[in-house]
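One-letter residues, chain by chain:
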Amino acid sequence: MRVLGVAGWSGSGKTTLIERLLPRLAEAGLRVSVIKHSHHDIALDAPGKDSHRHRMAGAAEVMVVSPYRWGVFAEVGEGAPPALEVQLARLAPVDLVLLEGQKGLDVPKIEVFRPSLGKPPRHPDDPWVIAVASDAALKSAVPCLSLDQPDAVAAFILAWLEKEQ
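Residues numbered from 1 in each chain as written. Predicted model: local features only at pLDDT ≥ 70, side-chain atom pairs only at ≥ 80, totals over all residues. Heavy atoms only, no water.

Moving on, we come to the overall build of the chain. Secondary structure assignment for the chain yields 4 helices and 8 strands. Ordered by position in the sequence, the α and β elements of the chain form the string β-α-β-α-β-β-α-β-β-β-β-α. Taken over the C-alpha atoms alone, the chain extends approximately 55 × 35 × 25 Å along its principal axes. Within the chain, buried positions represent 35% of all 165 residues. Within the chain, residue pairs in contact and separated by at least 24 positions form 54% of the contacts whose partners lie at least 6 positions apart. (Helix = DSSP H or I, 4+ residues; strand = E, 2+ residues; numbered from the N terminus. Buried < 20%, exposed > 50% of the residue type's maximum accessible area, 1.4 Å probe, protein only. Contact = heavy atoms within 4.5 Å.)

Have a look at this one:
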């Protein structure tokens, strides 16, 4: 599976960009999955629900299945999240996996950068950044795409996929 990171500081617009890209990539015929990284202790089920009760009773994993969707809750304890290879192994085969966050991984990535956040850009020092999506014009050694033009960002991704095959 091809993997493309979407990296940037909190509040830069990563989720919004991915949300805008997904229908465009699907329209181009791609099956796309997303792996979303969080630094927080996320709650995927609610106290009192059967799945939560099973987890609290000591289940290593709980799978919830319905006619509409399914999901697996896995307790990993404290520490580092599972390696990317483990994360990818949990997904069904698709044409592209977008990684939201996990900006330190050595995978090709698009940096979402907003100068107004007052944070430094990654692209000058990260050789894995293949493009920058920004709300401002930037001088960069990699292509700079407009956050306001998701069609252009999707076209860039499609061209990158074609070139990488």
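Let us now look at the sheet that holds strand β2 (residues 32-36). Spatial ordering of the open sheet is given by β2-β5-β1-β6-β7-β8, a layout of 6 strands whose pairing is parallel. Only two strands of the sheet have a single neighbouring strand rather than two, namely β2 and β8 (144-146). Along the sheet, successive strands turn relative to each other by an average axial angle of 25°, direction set aside. The sheet contact formed by strand β7 (residues 129-134) and β8 spans 3 bridges and is parallel. (Pairing = 2+ DSSP bridges. Axes fitted to C-alpha atoms, helices over the stretch in contact; angles between N-to-C directions.)

The subject of this paragraph is the environment of I157. Relative to the assigned elements, I157 resides in helix α4 (residues 150-164). With relative accessibility at 1%, the residue I157 sits in the buried group. Sequence separation between I157 and I110 is 47 residues; the distance between their C-alpha atoms is 9.2 Å. Here I157 is in contact with L4, L21, L25, L96 and I110, once residues within four sequence places are set aside.

Right, let's talk about the side chain of S51 for a bit. Structurally, S51 is set in helix α2 (residues 50-56). The exposure class assigned to S51 is buried, which follows from its relative accessible area of 11%. Excluding its chain neighbours within four sequence positions, the residues that come into contact with S51 are D45, V62, V64 and F73.

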